[in-house]
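Summary of structural features
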Amino acid sequence: MNLSIKDGVLYADNLRFCLAEPGNGRPNLPTGRYEVTTQYAHVHGKVLPDAIGLGWLGAGYECDCVLGSVRGRNGVLPSQGSLSRLLAMLEVAESAGRPVWLEVVN
């Protein structure tokens with residue numbers, strides 16, 4: 001499965017998935033290609049997607065990349081539904097032995 005973030009939108013296999021913006025006080029998401037795995041994040045207390053070298057993807061401003069479906073005055077509003085859907089897709093890909101890559105394009 002291939003994920004990409006372009007112009008504030010996360011795409012999964014070239015289909016629009018949800019909105020995505022930098023979180024955790026980051027000014028932007030660095031461009032690059034990152035392998036994504038699901039791991040237990042002790043700091044967040046739950047399982048989250050980890051883009052190795054970029055950070056945690058999640059439904060909270062404390063994550064390195066915030067996932068949401070609505071944009072508010074100050075940016076993307078975190079969405080637990082978007083995170084749950086992404087985790088389900090990652091679980092299917094990981095159980096099939098397929099690697100997942102995230103490409104951030106500016």
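Presented here is an overview of the structure given in this document. (Residues numbered from 1 in each chain as written. Predicted model: local features only at pLDDT ≥ 70, side-chain atom pairs only at ≥ 80, totals over all residues. Heavy atoms only, no water.)

Some thoughts on the environment of P22
Relative to the helices and strands, P22 is located in strand β3 (residues 15–22). Relative accessible area serves as the criterion here: at 29%, P22 is assigned to the partly exposed category. Separated by 43 residues in the primary sequence, P22 and C65 have C-alpha atoms spaced 4.6 Å apart. Among all residues touching P22, those that are not within four sequence positions of it are P27, N28, L29, D64 and V66. (Helix = DSSP H or I, 4+ residues; strand = E, 2+ residues; numbered from the N terminus. Buried < 20%, exposed > 50% of the residue type's maximum accessible area, 1.4 Å probe, protein only. Contact = heavy atoms within 4.5 Å.)

Considerations on the nonpolar core
Ranked by size, the top nonpolar core spans 28 residues in total, and within it L3, L10, L67, L86 and L102 carry the most contacts. Ranked by residues supplied to this core, first place goes to helix α1 (residues 80–95) with 5 residues. Sequence-distant contacts of L102, that is, excluding residues within four places in its chain, are made with L3, S4, I5, L10, G32, R33, Y34, V36, A51, L54 and L57. (Core = buried A, V, L, I, M, F, W, Y, C linked by side-chain atoms within 4.5 Å.)

Considerations on α1
For α1, spanning 16 residues, the distance from its first C-alpha to its last is 22 Å, which sits close to the expected 22 Å at 1.5 Å a residue. Within the span of α1, buried status applies to S82, L83, L86, L87, L90 and A93. Taken down its axis, α1 places every buried residue within 130° of arc, on the same side. Facing away from the buried side of α1, by more than 90 degrees, are the exposed residues E91, V92 and S95. Phi turns positive, to about 80°, at G97, one or two residues after α1. (Expected span 1.5 Å × (residues − 1). Arc of directions from axis to C-beta.)

Digging into a nonpolar patch on the surface
Residues Y61, V70 and L77 make up a contiguous nonpolar surface patch of about 290 Å² in total accessible area. Examined against the element boundaries, L77 turns out to sit in strand β8 (residues 75–78). On the accessibility criterion, L77 (41% relative accessible area) is partly exposed. (Patch = residues over 30% accessible without salt bridge, like charges linked within 9 Å, V, L, I, M, F, W, Y side chains within 5 Å. Areas by Shrake-Rupley, 256 points an atom, 1.4 Å probe, with all protein chains shown as cover. Salt bridge = Lys/Arg side-chain N within 4 Å of Asp/Glu carboxyl O.)

Thoughts on the environment of A20
Inspection of the secondary structure puts A20 in strand β3. Along the sequence, A20 and L102 sit 82 residues apart, while their C-alpha atoms lie 12 Å from each other. If we skip the residues at most four places from it in the chain, A20 touches I5, G8, V9, L10, C65, V66, L67 and V76.

Observations regarding the pairing of strand β6 (residues 55–58)
As paired strands, strand β5 (residues 46–51) and β6 are joined by 2 bridges and run antiparallel to one another. Along β6, the bridge assignment pairs A51 with G55. With antiparallel pairing between neighbouring strands as the criterion, β5 and β6 make up a hairpin whose turn holds 3 residues, including G53 at a positive phi of roughly 100°. Where β6 lies against strand β7 (residues 65–72), 2 bridges are found, and the strand directions are parallel. (Pairing = 2+ DSSP bridges.)

Considering unusual backbone geometry
The phi torsion at D13 lies on the positive side, around 50°, for a residue other than glycine. With respect to the secondary-structure elements, D13 resides in the loop between β2 (9–12) and β3. Its relative accessible area of 43% is what places D13 among the partly exposed residues. One non-glycine residue with positive phi stands out, namely N14, at about 70°.

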